[in-house]
Structures are given as C-alpha cells and as structure tokens.
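A structural walkthrough
Chain by chain, the residues run as shown.
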Amino acid sequence: MVDSFYNYIEGQWASSTTDRWTKVINPANTDDVLGNVPASSSKDAEKAILAAKKAKTEWKKMSGPSRGEYLYKAAEVLDANKEDIARTMTREMGKTFPEALGETNRGVAILRYYAGEGMRKTGDVIPSSDKDALMHTIRAPLGVVGVITPWNFPVAIPIWKMAPALIYGNTVVIKPANGACITAIKIFKCLEEAGFPEGVINLVSGSGSEVGNAITTNEKVAGITFTGSDTVGKQIGQEALKRGIKYQLEMGGKNPVIVTKSADLDLAATATVSGGLKSTGQKCTATSRVIVEKDVYEEFKEKLLQKVSEINVGDGLEETTWMGPCASESQLDNVLSYIEKGVKEGAELVAGGSRLTQGSFAKGYYVEPTVFDNVTTDMAIAQEEIFGPVLALIKADNFEESIELANNVEFGLSASVFTKDIQQMLDFMDDIEAGLVRVNAESAGVELQAPFGGMKKSSSHSREQGEAAKEFFTSIKTVFVKG
Ligand code: NDP
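Described below are features of the structure shown in this document. (Residues numbered from 1 in each chain as written. Predicted model: local features only at pLDDT ≥ 70, side-chain atom pairs only at ≥ 80, totals over all residues. Heavy atoms only, no water.)

Topic: the overall build of the protein
Helix and strand content of the protein: 15 helices and 22 strands. For the protein, whose C-alpha radius of gyration is 23 Å, the value lies close to the compact-globule estimate of 23 Å for 483 residues. Projecting the C-alpha coordinates of the protein onto the three principal axes gives extents of approximately 75 × 65 × 40 Å. The buried share of the protein, reckoned over its 483 residues, is 56%. (Helix = DSSP H or I, 4+ residues; strand = E, 2+ residues; numbered from the N terminus. Rg over C-alpha atoms; globule rule 2.2 N^0.38 Å. Buried < 20%, exposed > 50% of the residue type's maximum accessible area, 1.4 Å probe, protein only.)

Dropping the structure here:
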C-alpha cells in the first residue's frame, strides 16, 4: 500500500480537484516508491491563494512577538521530527542522510532566527525639518506571497523563504518542486502542529507550468519568491513585472575556485572536492570550474584526482556513502549529456565520466564523480550550469588571469580563492563578480544569518536570509505625524 500525501489549504489536507496523482520514487532505487502526491491544477492554486488572502488581515494585525511564537513552536516540532524528515529527503532526492540531517537542523535554526526577528525593530526615526513633527518609517507586509522552490534543498529553501515572509506579516502559498514534494509536505505537518491560523500557510503540489504559473499570474499574489533555473526565473520575473509586483529570483551558478601558487594545495583539493561533489554537485553554490595557476597545476591535479578516487558512491542512507545518486532521471541525462559535450569539445576526461549501472547501482541514477582536464573557457562545460558531479580544470598563467577567467561567465553566485597572499585576498574580494565571496574556504557554504544571493545572471539582485530578507518581504512606509 503506497502512502498518499495531500495539499494543505486553509488548514485542511485535501486531494486535488483533478484527482490526478504523481508517483514519487527513490532515485537510489527506483523500486522504492515513497508515495503519491496530488498533480494539482490552477483551481487548487486559486483556492489556496484565496485562503491566504482571507487570512492576511488578521495575521498582519498580530504583533511580531506573537507571530514569532508560532515560528518557535514550528522549530520545536521540526526538531522533534528531523530524523524522519531527513530520511524522507534522502529517499526523495538522493542527498546523503548526514547532509539531509544537517539541512533539517538548518531549517530549525532558520525558524528560530526569524522567530526572534519578530521582536526586533522594523523602522527608524528620522529627524524632520519640522521641529514639531515626528517622522519615522514602518514596514508593511506585501500580503499574499507566492513561494516557488527547487528540489535540491527541500527543507532549507522553503523555510528560508516562508519564515521571513511569515514573521513580517505575510501569508504564503508554496508550490514546492515536484522532485521533493513529500519532504515539503512533511514540513507542513510540523507547521500544522505548530498551530498556524487557517489560511496563513498553504501548500499546493503540482507541475510548475500549471500550479507555478497559476501562482505567478494570480492578481491576488503580491510578491513572488523563486529559486530555480535561470529559464523559469526569467519567465516569472517577466510576469511579475507585468503586474508591477515585487519578485525575487535566485537562480543558477557556474562557480569558480581559484588555486594560486601560494595556496595550501591539500586544503584546496579537499575544499574543491567537497564544494564541487557533495550533494552530487547539485547545489547552486557548487564548485564547477577549478582555475589553477600553471606553477602548481600538475601537483594540485594529482591531489585532486587522488581525493576523487576515494569517493564512495552509493545510496545516501548507507553510512559509508559520501556521494548519492542524481536526484532524477532527467538530472542524470543532463549530466551525461554535458559529459558527452565536454569530450566532443576536446576536454580530457581524467576521472569518471560514466553512469554506474552494475550491482547495487542498477536501479538508481548514479554517475561517477567526474573531472575534465584541459578545459578552455569557450567550452559548454566551462560556461553552462551542469548541476552534477563534474569538475572542469582550467589552467591560468597567473593570478590576474585567474580572476579574468573566473569572471568570464554569465553567472555570479559564489566564488572562492585559495591563497596565502593577503594582497591577492583583497584583490579577489574587490574584483570577483560573485554575491558570495569565499577565501580559503569552499564555494558552497551559507550561513543563515548572512545575506545570500548572486550577481549577474544568478539573481534578480535582492538578497535572501539574515536581515536582508526584510527588504524583500516588506514595503517601507515613511510616516510624518504632526499633532
Ligand atoms: P526549475 O526552475 O526547473 O524549478 C524550480 C521550481 O519552479 C519548481 O518548483 C518548478 O516546478 C517550478 N516551475 C517550473 N516551471 C514553472 C513555471 N513556468 N512557472 C512557475 N514555476 C515553475 O529548477 P530546478 O527545480 O530544476 O532546480 C534546479 C535549479 O535551481 C538550478 O538551476 C540551480 O542552480 C537553481 N538553484 C538556485 C539556488 C540559488 O539560491 N541561486 C539554490 C538552489 C537551486 P516543477 O516541480 O514542476 O519542476
């Protein structure tokens, strides 16, 4: 008997009006069925939006500390259910269990952070030129916020969008990615237990083209926060612009690491493997391009290949596994097609490059951790986001050329440098075109209390997380009061 999971609308669990379902399978073993989720329609999205609209006035009127109490409670319930949620995440999208548990712990911490935010200041007093007047700012919530999320961080991303939306007085309708919907539904079970008033939080599962589009184009939705691909992000941005509403897009990356001749090469190799191949390379902040100064190129490459050869691929629920499968068949196909392109374009495959199909790999979407040598910047594997466990080694003559090569892409999410030279650290901070700048640390690393977001094509240029979230989820009113 396969479990069925439901939409959450106006405080009720409900199947979709379509009565169609999507089967969710484990990418590590396609015989393992997690359950069915509703393949909802635009009508379901409309219902959820209406519920959120009805709830918004009461929620907005509540004090910040009172809203914070719901988030504290949600953190407590999520914490109590974290092992189950992490296990579900591993079965649903393949990330290893320790990574999934770490992410769920992060979800708990994000809820606590924004719960506290309910007690912090939301405005400023500004001296008026009229001595008898009081001038200050207050922050108004947007209203109903549409939340559209990807499958690669199925706990952290929904929570880092919903928690600030809620604490600043918005109500939400989320459409989680099809590829990680059960994990999102389990988060909602925790939110339900936390007792949020009816209609404040709503979840509708279904395809992006139907449910996602219905949320984006609904005139009652006053703001859209999206994380996902550049193609979909652009469409959403254009729709939002047409309606004159606020939108926030976090999209892809093609993140570089620069290894200079003064770098600690062991540290750089470890961080490159971790930043590039953990989560099977399916992080927007994953290292994809490895730019190495020619003087240390061969030595670094040897160290890197040694570490890659030690990677244990397998089912993320196995304790010995370091890298799980690709999250879905389409992800696997995408990765394999980029590997083929890399070979065709003349890059040299020095590790991996194939699907794993024997024995315990037979029923999963496994690919070997892959490294290309002799990559040049004109190649697709050096320009386009692969979103898989593929590293491209690029040789640079010197530090200045390394920065040029690093910036020579359309994306600008994260970037890291390994160097002991302080001047190079300072130059890197100034010259690198990335929203997340990392020195002697891997490219994939995010702290919930700090702003997160990219430059160039990686983002619509607002920032998420930490205090920065307030800018998106509220509008400033400047108030002038005279007695
Ligand atoms: P997609 O853009 O395909 O999907 C993201 C979400 O948008 C999903 O919920 C999807 O639904 C939905 N969607 C699809 N089409 C539409 C549409 N027409 N209108 C509205 N919503 C739609 O990205 P992926 O889920 O494949 O995620 C991978 C991408 O996310 C990568 O490019 C990665 O770089 C990026 N990402 C960026 C991060 C960042 O912070 N910069 C962090 C994590 C990932 P459905 O479930 O049906 O596909």
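So much for the structure itself; the text now carries on.
Brief notes about the packing of aromatic side chains
In the structure shown here, the tally under the stated rule is eleven aromatic pairs. Residues phenylalanine 361 and tyrosine 366 carry aromatic rings whose centres are separated by 4.9 Å and whose planes lie at 65 degrees to one another, so their mutual orientation is edge-to-face. Like tyrosine 366, phenylalanine 361 is buried. A connected cluster of aromatic rings, assembled from ring pairs, spans Tyr8, Trp13 and Phe188. Over the ring of phenylalanine 153 we find lysine 95; its NZ or CZ atom is 3.9 Å from the centre of that ring. For the cation-ring pair, lysine 395 lies above tyrosine 297, with the distance from its terminal atom to the ring centre recorded as 4.8 Å. (Phe/Tyr/Trp six-rings, centres within 6.5 Å; stacked < 30°, edge-to-face > 60°. Lys NZ or Arg CZ within 6 Å of the ring centre and 35° of its normal.)

What about the site of the ligand?
Close contacts around the ligand come from 29 residues, with Asn178, Ser229, Met251, Cys284 and Glu385 the closest. Tryptophan 151 places a side-chain nitrogen or oxygen 3.1 Å from an oxygen atom of the ligand. In this structure, glutamate 385 approaches the ligand through a side-chain N or O atom, which is 2.6 Å from an oxygen atom. With the chains in place, 87% of the 900 Å² that the ligand exposes on its own is no longer accessible. Secondary structure elements with two or more residues in the shell around the ligand: helix 7 (208–217), strand 9 (221–227) and helix 8 (230–243). (Near = heavy atom within 4 Å. Polar contact = N/O pair within 3.5 Å; in protein donor to acceptor, adjacent residues only side chain to side chain. Areas by Shrake-Rupley, 256 points an atom, 1.4 Å probe, with all protein chains shown as cover.)

A look at the pattern of salt bridges
In this structure the tally under the stated criterion is 26 salt bridges. Taking the shortest distance from any N to any O, the salt bridge between lysine 121 and aspartate 124 comes out at 2.7 Å. What makes lysine 121 exposed here is its relative accessible area of 56%. By relative accessible area, which is 38% here, aspartate 124 ends up partly exposed. Residue lysine 344 pairs with glutamate 340 through a salt bridge whose shortest N-O separation is 3.5 Å. Placement of the pair is lysine 344 and glutamate 340 together in helix 11 (residues 329–344), with a separation of four residues, close to one helical turn. (Salt bridge = Lys/Arg side-chain N within 4 Å of Asp/Glu carboxyl O.)

Description of the pairing of strand 11 (residues 255–259)
A large share of strand 11 lies buried, amounting to five of its five residues. Of the two faces of strand 11, the one lined by Asn255, Val257 and Val259 and the one lined by Pro256 and Ile258 are each fully buried. Judged from the five bridges that link them, strand 11 and strand 12 (residues 287–293) form a sheet pairing that is parallel. The residue bridging valine 259 from the neighbouring strand is valine 292, located in strand 12. Here strand 11 runs beside strand 19 (residues 414–418); their pairing, made up of three bridges, is parallel. (Pairing = 2+ DSSP bridges.)

With respect to helix 3 (residues 82–93)
In a regular helix each residue adds 1.5 Å, so twelve residues correspond to 16 Å; helix 3 covers 16 Å between its end C-alpha atoms and thus fits that length. By the burial criterion, the buried members of helix 3 are Ile85, Ala86, Thr88, Met89, Thr90, Glu92 and Met93. Contact partners of the buried residues in helix 3: strand 3 (21–26), strand 4 (29–38), helix 2 (64–80), helix 4 (97–117) and helix 6 (181–194). Of the residues trailing helix 3, glycine 94 is marked for its positive phi of about 95 degrees. (Expected span 1.5 Å × (residues − 1). Contact = heavy atoms within 4.5 Å.)

Overview of the sheet that holds strand 20 (residues 436–439)
With mixed pairing, seven strands are arranged side by side in an open sheet as 13-16-17-12-11-19-20. Every other strand in the sheet has two partners, leaving strand 13 (348–351) and strand 20 as the edge strands with one partner each. For this sheet the average axis-to-axis angle between neighbouring strands, irrespective of direction, equals 25 degrees. The sheet contacts of helix 10 (residues 297–309) involve strand 11, strand 12, strand 13, strand 16 (370–373) and strand 17 (390–396), and relative to strand 17 the element is tilted by about 170 degrees. (Axes fitted to C-alpha atoms, helices over the stretch in contact; angles between N-to-C directions.)

Notes on a nonpolar patch on the surface
Side chains of Ile422, Leu426, Met429 and Val437 sit close together on the surface and give an oily, nonpolar patch of about 350 Å² of accessible area. Checked against the element boundaries, valine 437 lands in strand 20. What makes valine 437 partly exposed here is its relative accessible area of 35%. (Patch = residues over 30% accessible without salt bridge, like charges linked within 9 Å, V, L, I, M, F, W, Y side chains within 5 Å.)

Some words on the environment of glycine 179
Counting through the fold element by element, glycine 179 comes out in the loop between strand 7 (171–175) and helix 6. Taking relative accessible area as the criterion, glycine 179 reaches 33% and is therefore assigned partly exposed. For the pair formed by glycine 179 and cysteine 284, sequence separation is 105 residues and the distance between their alpha carbons is 16 Å. Apart from residues lying up to four places away in sequence, glycine 179 is in contact with Glu92, Met93 and Trp151.

That is the geometry; function is a separate question.
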